[in-house]
Amino acid sequence: MTTTTENLAVTGAVGAAHTRLEGRDKVTGTARFAGEVPFAELAHGWLVLSTIARGRIRSVESAPVLALPGVLAVLHHENAPRVNGDYPGPLGPPDPILQVFQHDRVPHVGWPVALVVAETPEQAREAAERLVVRYDEEPHDVAFSAGRPGMYTPENSPTVAAETAKGDLDAELTASAVVVDAEYTTPEEHHSPLEPHAAMARWDSGRLEVVDSNQGSRFVAEELAQLFSLDPGSVRVRSEHVGGGFGSKATRPHAVLAAMAATVLHRPVRVVLTRRQMFSVVGYRSPTMQRVRLGADADGRLRAFDHQAECLTSTVYEFVERSANFGRPMYDAAAHHTVNRVVPLDVPTPSWMRAPGEAPGSFALESALDELAEKCGMDPIELRARNEPDVGPVSGLPFSSRRMLACFQEGARRFGWADRDPRPGTRREGRWLLGTGTAAATFPSGVARSTAAVTAEADGTFTVRITAADIGTGARTALALIAADALEVAPERIHIKIADSDFGPAMIAGGSMGTRSWAWAITAAVRELREQLALGGGIPPQGIPPQGITARADTGEAVMALAKKERHSFGAQFAEVAVDVASGEVRVRRMLGIFAAGRIVNPLTARSQFIGGMTWGLSMALHEEAARDQASGGHVGADLAGYHFAAHADVPPIEADWVDDPDPDDPVGIKGIGEVGIVGAAAAIANAVWHATGVRHRHLPIRPDRVLLAGTAPGGDRDA
């Protein structure tokens, strides 16, 4: 079998717009999500979370609850099955929150302390709300601030350095004709996917079967096997339909709890998290404090580049929001320094959230670039063009391709950028001040080992099996188009089966690596199948007698053999805003994003992905902000009433498009599009608000009260 990267013939499926294969099932309710799949004798678990931020569980008074109608069990640290916590997880050491009910320690508000299992969800909820848990409370610390005690630089990971440096930063700043030195902040933000996290577990013929809402069934299966000390083949995880994930749906404690309860009760158990519970249990984006220092010559050429980012993590597990990483492939300077620092607090562990690092990092750096352009008296796009690197500024590696300037050129043409008066505060329409802004976007383009199998069926169709995950992105449809082109048949002859851990190892839906990794495995399996079918006369038309031939592929060796390069998707974001300084209201009137993100497999769903990311960037700029009460350590308004995000009325016409940018080292030319759409969007809006009002808003979100406090300074520049 060969797994070369030689591009396959194109027959027209890839690149043409196709509606989702599962679209009809979703809009008619036929598609079943993890919380909806029926099972005989199904019991229901309801999670109980801690109400203190730090301390120990003194007692769980379960006896009164067990006497309630329908209650089957109350699991907690004194009676729950023991699990293994010492293993290398698929994405690193396991988060201790997966080792639920193993001790009496409470490290934050919202830590799982008990699970009530009953015959119905209503009975389980009532019993859980009646359960009394007593604590020995200890002082806690949830206050996040810049440079606070305990802040440290984490160790380098095998693939990502916490700190990079070259040149003499102080000397280059001193020698610079123009300097920007500013601090930016972003708040705690939450994923809030439409579908809550849910999992059902049962034992079937000595095998643990789990139906879960996740971003990678094989990863979850492997982690559950490790936790329960099972042979990997003894666990099967399925996740056919997922209603959004955005990084939050890796292995989470609800799946572990369902497996625990099923083991104790010897019957299927389902655990569904509430929206409020999701704010504490499934991760979030850490707040950030960022300082950006840029030094440049009078013509805008950078001499000094310094991006320092700080975030928080929990006291039990280190997760770093690597905001300073954004600029490493973007802009070069004689002195170039980036560092990420983290402080442990008595809070839940943050996690991956759409464009982790790049989303908050781009807000700070792309805002600072806009400030530098203003001080240099330059157009912001010209400033970026003047600092376009030939190779990776930190790595020194060549780019696989880099068409960021093409994105800016096309975007500027379509947005009407040339007609922009650069002076702030000069455009007015009634009570509204108008402004436009722009920012760059980038996100790494990675690929990971995956396996796939393709079978030539008796009726002339082909079945593809791969442990991919479609979390609402249209991945199922994209993979069918890729298989059709590789086999040189119509897409209607392709049957795609995904999200079953039995199909073998595969990359999760995350890091904008899913479709690229899965497509590579599918094209390799198709190549092997074609070689086998060639012995029998080639690919069969419909109606041919049974073939029964299956080919499998594993891309591990091919992925490892990839030449080292800077591999990224790029983009240019444009926004126009209207600001009413009397009410503080900010309205985004239009947005445009132009992206260079590899070969676009399905324009219909790809455009939807870009627009979704840009909408999230708008929401990040103007709305999203989780507030934590310092006294209790818990959230204020941990629901979709208290946590604001952009509603339909907040979203203007958004246009997303792309320039041609196939990756020459990928069998299909894919780079990845899931995350780059949010990157830079908040900065473009913030830069547009400055252009409208003359006031820099360096702290997100740009709330009405902040606009009112800042007022306006046409022709000047004040910080809000």
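See above for the structure.
Here the residue numbers are simple positions, counted from 1 along each chain's written sequence. At least 70 in pLDDT is required for a residue's local features to be given in this predicted model, at least 80 for side-chain atom pairs to be given and counted, and no such filter applies to totals for whole chains, interfaces and linings, which use all residues. For side-chain calculations, the full set of non-hydrogen atoms in the structure is used, while hydrogens and water are omitted.

Student: So what's going on with the overall build of the chain? Residues and values would help.
Tutor: Of regular secondary structure, the chain possesses 16 helices and 28 strands. What you see for the chain is a C-alpha radius of gyration of 26 Å, in line with the 27 Å of a compact globule of 720 residues. Oriented by its inertia axes, the alpha-carbon framework of the chain measures out at about 75 × 75 × 50 Å. Taking all 720 residues of the chain together, the buried fraction comes to 60%. Long-range pairs, those at least 24 residues apart, make up 81% of the contacts in the chain with a sequence separation of at least 6. Counting only carbon and sulfur atoms, one obtains 51% of the accessible surface of the chain, whose full area is about 26,200 Å². A run of H or I in DSSP becomes a helix once it reaches four residues, and a run of E becomes a strand once it reaches two; helices and strands are each numbered from the N terminus. Note that the radius of gyration is over C-alpha atoms, with the globule rule given as 2.2 Å times the number of residues to the power 0.38. Accessible area is worked out with a 1.4 Å probe on protein chains only. A residue is then buried under 20% of its type maximum, exposed over 50%, and partly exposed in between. The contact criterion used is simple: two residues touch if any of their non-hydrogen atoms lie within 4.5 Å. Each accessible area is a Shrake-Rupley result for a 1.4 Å probe, and residues are judged covered by the shown protein chains and nothing else.

Student: Residues and numbers for the sheet that holds strand β1 (residues 43–49), please.
Tutor: Criterion used throughout: strands pair if DSSP finds at least two bridges between them. Spatial strand order, β3-β5-β1-β12-β9-β10-β11: seven strands in an open sheet with mixed pairing. Bordering the open sheet on either side are β3 (71–75) and β11 (235–238), each of which pairs with just one other strand. For this sheet the average axis-to-axis angle between neighbouring strands, irrespective of direction, equals 20 degrees. With four bridges connecting them, strand β9 (residues 198–204) and strand β12 (residues 269–272) associate as antiparallel partners. Within β12, the residue paired with Ala 198 across the bridge is Val 272. The convention used is that axes are lines fitted to C-alpha atoms, helices contributing only their stretch in contact, and that angles between N-to-C directions extend from 0 to 180 degrees. Along the sheet, helix α3 (residues 121–130) makes contact with β1, β3 and β5 (112–118), crossing β1 at roughly 25 degrees.

Student: Tell me about the nonpolar core, residues and numbers included.
Tutor: With 82 residues, the main nonpolar core has Leu 294, Leu 372, Phe 574, Val 577, Met 591 and Ile 685 as its most contacted residues. With residues near it in sequence (within four places) discarded, Leu 372 still touches Val 178, Val 180, Leu 294, Ala 296, Leu 302 and Leu 383. Each nonpolar core is a collection of buried residues, namely Ala, Val, Leu, Ile, Met, Phe, Trp, Tyr and Cys, held together in the definition by side-chain atoms within 4.5 Å. Counting 60 residues, the second-largest nonpolar core is a separate cluster that includes Ile 57, Ala 201, Val 210 and Leu 224.

Student: Describe the packing of helix α14 (residues 603–622) against helix α15 (residues 681–693), and please don't skip the residues or the numbers.
Tutor: Interhelical geometry of α14 versus α15 gives an angle of 50 degrees and a closest axis separation of 7 Å. As far as their axial angle goes, α15 and α14 are oblique. Helix-helix and strand crossings are classified by hand; for α14 and α15 the assignment is right-handed. Across the interface between the two elements, Met 614, Gly 617, Leu 618, Met 620, Ala 621 and Leu 622 from α14 touch Ala 681, Ala 682 and Ile 685 from α15. Put simply, Ala, Val, Leu, Ile, Met, Phe, Trp, Tyr, Cys and Pro go in the nonpolar bin, Asp, Glu, Lys and Arg in the charged bin, and everything else, Gly too, in the polar bin. Within the contact of α14 with α15, the residues separate by chemical class into eight nonpolar, one polar and no charged. Throughout, the term roughly parallel applies to angles under 35 degrees, roughly antiparallel to angles over 145, roughly perpendicular to angles from 65 to 115, and oblique to all others. The hand of a helix crossing depends on one turn: near helix anticlockwise from the far one by less than a right angle means left-handed, and clockwise means right-handed.

Student: Tell me about the packing of helix α11 (residues 475–487) against helix α12 (residues 514–534), and name the residues and values.
Tutor: Where α11 contacts α12, the axes come no closer than 9 Å and their chain directions differ by 30 degrees. The orientation of α11 with respect to α12, classified from their angle, is roughly parallel. Classified by chirality, the crossing of α12 by α11 is right-handed. Residues Ala 475, Ala 478, Leu 479, Ile 482, Ala 483, Ala 486 and Leu 487 of α11 pack against Thr 515, Trp 518, Ala 519, Ile 522, Thr 523, Val 526, Leu 529 and Arg 530 of α12.

Student: Give me the pattern of salt bridges: which residues, what numbers.
Tutor: Just to be clear on terms, a salt bridge is a Lys or Arg side-chain nitrogen sitting within 4 Å of an Asp or Glu carboxyl oxygen. Applying the stated criterion across every chain yields a total of 58 salt bridges. Close ionic contact of Lys 166 with Asp 332 constitutes a salt bridge, the shortest N to O distance being 2.9 Å. With Lys 166 in strand β7 (residues 163–166) and Asp 332 in the loop between β14 (302–314) and β15 (335–345), this residue pair connects regions lying 166 residues apart in the sequence. Classification of Lys 166 as partly exposed rests on a relative accessible area of 32%. Take Asp 332: its relative accessible area is 29%, and that puts it in the partly exposed class. A salt bridge links Arg 236 to Asp 502; the shortest N-O distance between them is 3.5 Å. Here Arg 236 is found in strand β11, whereas its partner Asp 502 is found in the loop between β20 (494–498) and α12, with 266 residues between them in sequence. Overall, Arg 236 belongs to the partly exposed group, its relative accessible area being 25%. Classification of Asp 502 by relative accessible area gives partly exposed; the value is 40%.

Student: I'd like a rundown of the packing of aromatic side chains, residues and numbers included.
Tutor: Classification of ring pairs uses Phe, Tyr and Trp, with its six-membered ring standing for Trp, and accepts pairs whose centres are within 6.5 Å; under 30 degrees between planes counts as stacked, over 60 as edge-to-face, and the remaining range as tilted. One pass over the full model with this rule turns up 10 aromatic pairs. Both rings, one in Phe 408 and one in Phe 574, keep their centres 6.2 Å apart while their planes meet at 75 degrees; by these two values the pair is edge-to-face. Taken together, the residues Phe 408 in helix α10 (residues 404–415) and Phe 574 in strand β22 (residues 568–580) connect sequence positions 166 residues apart. A single burial state applies to Phe 408 and to Phe 574, both of which are buried. Relative to Phe 610, the ring of Phe 595 lies with its centre 4.4 Å away and its plane at 10 degrees, an arrangement referred to as stacked. Here Phe 595 is found in strand β23 (residues 585–596), whereas its partner Phe 610 is found in helix α14, with 15 residues between them in sequence. Judged by relative accessible area, which is 0%, Phe 595 ranks as buried. Note on Phe 610: relative accessible area 0%, which makes it buried. Grouped by ring-pair contacts, the aromatic residues Phe 408, Phe 415, Trp 417 and Phe 574 constitute a single cluster. For a lysine, the NZ atom is tested; for an arginine, the CZ atom; a charge sits over a ring if that atom is within 6 Å of the ring centre and within 35 degrees of the ring normal. The ring of Phe 399 has Arg 402 lying over it, and the distance from NZ or CZ to the ring centre is 4.8 Å.

Student: Talk me through the sheet that holds strand β19 (residues 462–466); I want residue IDs and the actual numbers.
Tutor: As summarised here, the arrangement of the four strands in space is β20-β19-β18-β21, forming an open sheet in which the pairing is mixed. The outermost strands of the open sheet, each flanked by one partner alone, are β20 and β21 (549–554). Put simply, the sheet's adjacent strands are angled 15 degrees from each other on average, direction ignored. Sheet topology note: the strand β18 (residues 451–456)/β19 ladder contains four bridges and is antiparallel. Bridge assignment links Ala 453 to a residue of β19, and that residue is Arg 465. Those strands touched by α11 are β18, β19 and β20, and its axis lies near 135 degrees from that of β20.

Student: Provide a residue-level description of helix α5 (residues 217–227), including the pertinent values.
Tutor: Along α5, eight of the 11 residues are buried, which leaves the element largely enclosed by surrounding structure. Inspection of α5 places Ser 217, Phe 219, Val 220, Ala 221, Glu 223, Leu 224, Ala 225 and Leu 227 among the buried residues, and these make up the whole buried set. Residues of α5 that are buried in the fold lie against β10 (207–212), β11 and α6 (253–265). Immediately downstream of α5, the backbone of Ser 229 shows phi near 55 degrees, a positive value.

Student: Quick one: what's the story with the pairing of β18, residue by residue and with numbers?
Tutor: Extensive coverage of β18 is indicated by the burial of six of its six residues. The side-chain alternation of β18 yields two buried faces, one formed by Thr 451, Ala 453 and Thr 455 and the other by Ala 452, Val 454 and Ala 456. A loop of five residues connects β18 with β19, the two strands running antiparallel in sequence, and Gly 460 in this loop sits at a positive phi of about 90 degrees.

Student: With reference to specific residues and values, describe the side chain of Asn 325.
Tutor: Following the sequence through the fold, Asn 325 ends up in the loop between β14 and β15. The exposure class assigned to Asn 325 is buried, which follows from its relative accessible area of 15%. Leave out the neighbours within four places in its chain, and Asn 325 touches Val 160, Ala 161 and Asn 340.

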